[in-house]
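# Notes for the structure review
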Amino acid sequence: MIGIEKGVLESCKTLRHVKQVHAQILRSKVDHSNSLLLELILCCCTLPSSSSLHYALSLFTQIPNPHTRFSNRLFRQFSRGPTPEGTLLLYGLLRRKGTLLDRFSFPPLLKAVSKLSALNMGLEVHGLVSKLGFHDDPFIQTALIAMYAACGRIMDARLVFDKMSHRDVVTWNIMIDGYSQSGHYDHVLRLYEEMKISGMELDSIILCTVLSACGHAGNLSYGKAIHEFIKDNGFRVDSHLQTALVNMYASCGAMYLAREVYDQLPSKHLVVSTAMLSGYAKIGLVKDARFIFDQIVEKDLVCWSAMISGYAESDQPQEALELFDEMQRQRIVPDQITMLSVISACAHVGALVKARWVHSYADKNGFGRALPINNALVDMYAKCGNLVRAREVFENMPRKNVISWSSMINAFAIHGDADSAIALFHRMKVQNIEPNAVTFIGILYACSHAGLVEKGEKFFSSMINDHNISPQREHYGCMVDLYCRAKLLRKALELIETMPFPPNVIIWGSLMSACQNHGELELGEFAAKRLLELEPDHDGALVVLSNIYAQEKRWDNVGLVRKLMSHKGISKEKACSRIELNNEVHVFMMADRYHKQSNEIYKKLDEIVSQLKLVGYTPSSSGVLVDLEEEEKKEIVLWHSEKLAVCYGLISERKESSCIRIIKNLRICEDCHSFMKLVSKEYRVEIVMRDRTRFHHFNGGICSCRDYW
DNA sequence: GTAGGGTTAG
C-alpha cells in the first residue's frame with residue numbers, strides 16, 4: 001500500500017492533513033484503484049469546514065465513473081457529519097450528471113434534508129421517490145416521515161405514516177415525536193394509545209418521548225400513569241428514562257415528585273440536574289435552582305442558559321446578567337438561546353450601557369443578522385429608553401416579520417409617541433404584513449396613553465371586523481385603560497361589565513388608579529374591593545382603599561385597613577429609582593441617606609427647589625395621601641426617590657449633552673412630573689424616565705407624554 | 001449494502 005497507512009487517513013483532523021495525504025497519493029504514481037481516494041473523500045466529509053466539503057466534492061468529481069454504492073456511502077457520511085449540506089450538493093451533482101440513484105440513496109438524503117429543514121428540497125426528493133417507484137419502501141417512508149416532521153409539516157408526515165403497511169416501533173416513535181415537537185400533545189397521547197392497541201411492543205425510548213410530551217403539555221396525571229406503568233411492568237429504567245421522569249415531574253411543577261426520583265439516582269449527571277434546576281426556576285424557587293446549579297461540576301451551555309433564563313424569567317434580571325458575565329469569564333460561548341435570555345434580562349433591567357454592550361457582543365459573535373435577536377434588540381433598546389437606537393435596529397434589519405413590526409409599534413407606544421406607532425402600523429399594512437393580536441395590543445396601548453379615544457375605538461373594531469382577531473382579555477384591558485385615562489370612567493365600567501371575560505386584577509387596578517387620580521372615590525372604592533376579592537393581599541389596592549377612606553375622613557375604616565395590613569405583614573412596595581452613570585447603577589429609595597454623596601445630593605436638592613420656586617414651582621402634596629400635616633407632606637414629596645436620583649445626575653460628571661436616565665419601579669407622581677419638566681428647562685438637561693408602565697422624556701420644560709399619563 | 005427513534009435551556 002504505497003506507504004500510506006490506513007491509520008493516516010483516520011487521523012486526518014484538518015483539511016491540511018487531507019491535502020498532504022492527497023499529494024502523497026498523487027506522488028506515489030502507483031497504479032492503484034480509486035479505493036484510497038475514496039477513503040480520503042469519506043474522511044473529508046467528517047470535517048466541519050465548508051472548504052473541506054467542497055474539497056471532498058471536487059475530489060469526487062475526479063472519479064471517472066463512481067459507483068452508486070460509493071455515492072451512497074458519501075451521502076451517508078455527509079448526512080451524519082457536521083456538513084449535511086454536502087449531501088444535497090452531491091445530490092445536485094449526480095442529478096446533473098444523470099447518475100442513477102437507488103433506494104439506498106434516499107434515507108441519508110432525507111436525513112440531510114431533515115437536519116437542514118430544507119422543505120423544498122424534501123418535496124423534490126419525495127417527488128423523485130414516487131417517480132422511481134420507491135414509495136413503498138419502509139426505510140424511505142420512515143425517512144420521509146422524519147423529514148416532514150423536521151420541516152414542520154406534521155400533516156404530510158401523518159399522510160405517509162397512514163399509508164405504510166408495515167410500521168415498527170421506530171416509525172411510531174418518529175411520528176409521535178413529530179407531534180410532540182410541533183406542540184400537538186393531544187395527538188401524542190392519542191397515537192401512543194393507538195400504538196398500544198395495535199399490539200406494538202413498547203420500549204424505553206418511546207416512553208421517553210411520551211413523558212417529554214407530558215412535561216411540555218403539563219399533563220401530570222398522564223405522566224404519573226406512565227410512571228406507574230413503568231414500575232408495574234418492571235421496565236428497566238436507564239439514565240435517559242430517569243431524566244425523562246424527573247423532567248416530566250419538574251416541567252409539571254411537581255418538584256416534590258421530581259425530587260423523589262432525583263434523590264434515588266446513584267449519580268446526579270448533568271442533564272438530569274439541569275432538568276431539576278429548570279423545574280425549580282420555573283416555579284420561582286430560583287435559590288433552589290441555583291443550589292443545584294452550583295453543585296454541577298462540569299457545566300455545559302444548556303445548564304448555564306437554563307440558570308440565566310431562570311433568573312431572567314423570575315424577575316431577577318440583574319442576577320441573569322451577572323451570571324452571563326461569569327459565563328464569559330469561564331469562556332463558555334453562548335448560542336442564540338442564551339443571547340435571547342440575556343437581551344431580555346437587559347430589557348428588564350433597563351440599563352442602557354449594558355444594553356449597548358450586549359448588542360455589540362451579539363454583533364461580534366455572529367448573532368447580529370438573526371431575526372429573533374434583532375426583534376429582541378428592538379424591544380431591549382425601547383425598554384432601556386433609547387427609542388432612536390430601537391428604530392435604528394429596526395430599520396436596518398435585513399428581514400422583518402410581524403414580531404419585528406409589533407415590537408417597534410410597542411416601542412413607540414411605551415414612549416408615548418402614538419403618531420409614530422400608528423404611522424408604522426399603516427406602513428406595515430402597505431407592506432402586506434398581517435398584524436396579529438400582539439400588534440393590536442401595542443396600537444391600543446399607544447392610543448390609550450395618548451388619549452386618542454376615538455382612534456382606539458376604531459382600531460378595536462377594525463381588529464375584530466377587518467382582521468378577524470377576537471379580542472383577548474389584554475385587548476379589553478387596553479380599552480378599559482383608554483377610557484380610564486380619558487376620565488370616561490362610567491364607560492370603562494360598562495365595558496368591564498359587558499366584556500366576555502371576568503375582569504382580572506389588572507383591569508380592576510386600572511379602574512382603581514384612574515378613580516384615585518380623578519377623585520372618583522365611590523367608584524374607586526368599588527374597584528379596589530373587587531380587586532381585593534381576587535387578590536386579598538394586593539398591597540396597591542389596600543393602600544388606595546385606605547387613602548380613599550382618608551380623603552373621605554372615614555378614619556375608622558382607615559384604621560381597619562391599616563390594621564389588616566400590619567396583621568398580614570403587607571406593606572406598600574417601596575418606591576425606588578435607579579440611575580445609571582459611568583457604568584455604575586445607583587439606587588435611591590425615598591428620603592434615602594445611604595449614598596456616599598448624600599450630603600451633596602440634598603444640598604443640590606435645596607438649591608434646585610429654591611431655583612424652581614423662582615419660576616413658579618410649588619411642591620404639591622396632592623399625591624401624598626397619608627394623614628400627615630400639610631407641611632410634612634411637602635417635605636416628603638421633595639424626598640421622592642426620583643428627585644434624589646436626578647440631583648445625583650446633576651452633580652455628577654456626565655459626558656457633554658448626555659441625558660439623565662432614571663428607572664422607577666412605581667408610577668411617577670404629579671409633583672415629580674412638574675419638577676422634572678422644570679429641571680429639564682432650567683438646567684438644560686434631557687431627562688428620560690421609565691416608570692412602571694411607560695417612558696417620559698423631559699426636555700425644555702415639556703414632557704413627551706403631554707402631561708397625559 | 002441499507003436506516004431511522006430518547007432526556008436538559010427557549
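Residues numbered from 1 in each chain as written. Chains lettered and ligands numbered in written order. Predicted model: local features only at pLDDT ≥ 70, side-chain atom pairs only at ≥ 80, totals over all residues. Heavy atoms only, no water.

### Points about the protein's contact with DNA strand B
- Around DNA strand B lies a shell of 36 residues, among which Phe139, Asp168, Asp203, His240 and Ile337 are the nearest.
- Considering DNA strand B, the proportion of its atoms within 4 Å of the protein that are sugar or phosphate atoms stands at 28%.
- At 2.8 Å from a base nitrogen of DNA strand B is found a side-chain nitrogen or oxygen belonging to Asn72.
- Asn173 is positioned with one of its side-chain polar atoms (N or O) 3.4 Å from a base nitrogen of DNA strand B.
- Counting only elements with at least two residues in the surface near DNA strand B, the list comes to α5 (68–80), α9 (138–150), α11 (169–181), α13 (204–217), α15 (239–251), α17 (270–282) and α19 (301–313).
- The element contributing the most residues to the surface near DNA strand B is α13, with six residues.
- Residue classes in the surface near DNA strand B are distributed as 13 nonpolar, 14 polar and nine charged. (Near = heavy atom within 4 Å. Polar contact = N/O pair within 3.5 Å; in protein donor to acceptor, adjacent residues only side chain to side chain. Helix = DSSP H or I, 4+ residues; strand = E, 2+ residues; numbered from the N terminus. Nonpolar A, V, L, I, M, F, W, Y, C, P; charged D, E, K, R; others polar.)

### Regarding the packing of aromatic side chains
- Within this structure, the stated rule accounts for 17 aromatic pairs.
- Ring geometry for Phe394 and Trp405: centres 5.2 Å apart, planes at 85 degrees, overall edge-to-face. Taken together, the residues span a long stretch of sequence, with Phe394 in helix α24 (residues 387–396) and Trp405 in helix α25 (residues 402–414) at a distance of eleven residues.
- For Trp405, a relative accessible area of 1% corresponds to the buried category.
- Over the ring of Trp357 we find Lys354; its NZ or CZ atom is 5.0 Å from the centre of that ring.
- Across from the ring centre of Phe675, 5.2 Å away, lies the NZ or CZ of Lys643, which sits over that ring. (Phe/Tyr/Trp six-rings, centres within 6.5 Å; stacked < 30°, edge-to-face > 60°. Buried < 20%, exposed > 50% of the residue type's maximum accessible area, 1.4 Å probe, protein only. Lys NZ or Arg CZ within 6 Å of the ring centre and 35° of its normal.)

### A few points about the pairing of strand β4 (residues 687–690)
- Burial along β4 is two-sided: the face carrying Ile687 and Met689 and the face carrying Val688 and Arg690 are both buried.
- Strand direction decides the pairing type here: strand β3 (residues 660–664) and β4, joined by four bridges, are parallel. Bridge pairing in β4 links Ile662 to Met689.
- With helix α38 (residues 670–682) bridging β3 and the parallel β4, this β-α-β connection has right-handed handedness.
- Sheet analysis places β4 next to strand β5 (residues 695–699), joined by four bridges and oriented antiparallel. Bridge pairing in β5 links Arg690 to Phe695. (Pairing = 2+ DSSP bridges. Right-handed = clockwise from strand over helix to strand, strands pointing away.)

### What to know about the pattern of salt bridges
- Summed over the entire model, instances satisfying the criterion amount to 25 salt bridges.
- Linking Arg153 and Asp156 is a salt bridge whose minimum nitrogen-to-oxygen distance equals 2.8 Å.
- A salt bridge links Arg389 to Glu392, with the nearest nitrogen and oxygen atoms 3.8 Å apart. With Arg389 and Glu392 both in helix α24 and three residues apart, the pair spans about one turn of that helix.
- Glu392 gets classed as partly exposed once you look at its relative accessible area, which sits at 40%.
- Each of Glu525, Lys529, Glu552 and Arg554 takes part in salt bridges that share partners, so that together they form one network. (Salt bridge = Lys/Arg side-chain N within 4 Å of Asp/Glu carboxyl O.)

### Brief notes about the UniProt feature "repeat: PPR" (unreviewed entry) in chain A
- If you check UniProt for "repeat: PPR" (unreviewed entry), the listed places come out as residues 168–202, 300–334 and 401–435 in our numbering.
- End C-alpha to end C-alpha, residues 300–334 measures 10 Å, and it is 74% helix and 0% strand.
- Spanning residues 401–435, this segment combines 74% helix with 0% strand, and its end C-alpha atoms are found 10 Å apart. (UniProt positions renumbered as here; feature names shortened; annotations may be inferred.)

### Quick notes on the side chain of Arg485
- In this structure, Arg485 sits in helix α29 (residues 473–485).
- Polar side-chain contacts of Arg485 include one of 3.4 Å to the side chain of His449.
- Side chain to side chain, Arg485 and Asp481 meet in a polar contact 2.7 Å long.
- Those residues in contact with Arg485, other than ones at most four positions away along the chain, are Ser448, His449, His518, Thr693, Tyr708 and Trp709. (Contact = heavy atoms within 4.5 Å.)

### Looking at the packing of α11 against helix α12 (residues 185–197)
- Closest axis-to-axis distance for the α11/α12 pair is 7 Å, and the angle between their directions is 160 degrees. By the angle class used here, α11 and α12 are roughly antiparallel. Along this stretch, α11 crosses α12, giving a crossing that reads as left-handed. Residues Val169, Trp172, Met175, Ile176, Tyr179 and Ser180 of α11 touch α12, and the partners they reach there are Tyr185, His187, Val188, Leu191, Tyr192, Glu194 and Met195.
- The class makeup of the residues in the contact of α11 with α12 is ten nonpolar, two polar and one charged. (Axes fitted to C-alpha atoms, helices over the stretch in contact; angles between N-to-C directions. Parallel < 35°, antiparallel > 145°, perpendicular 65-115°, else oblique. Left-handed = near helix turned anticlockwise from the far one by under 90°.)

### With respect to a positive patch on the surface
- A contiguous patch of positive charge on the surface is contributed by Arg76, Arg80, Lys111 and Lys115.
- Elements that contribute at least two residues to the positive patch include exactly α5 and α7 (106–116).
- Along the chain, the position of Arg80 falls in helix α5.
- You can call Arg80 exposed: its relative accessible area is 57%. (Patch = residues over 30% accessible without salt bridge, like charges linked within 9 Å, V, L, I, M, F, W, Y side chains within 5 Å. Areas by Shrake-Rupley, 256 points an atom, 1.4 Å probe, with all protein chains shown as cover. Lys, Arg positive; Asp, Glu negative; His and termini not counted. Charge placed at Lys NZ, Arg CZ, Asp CG, Glu CD.)

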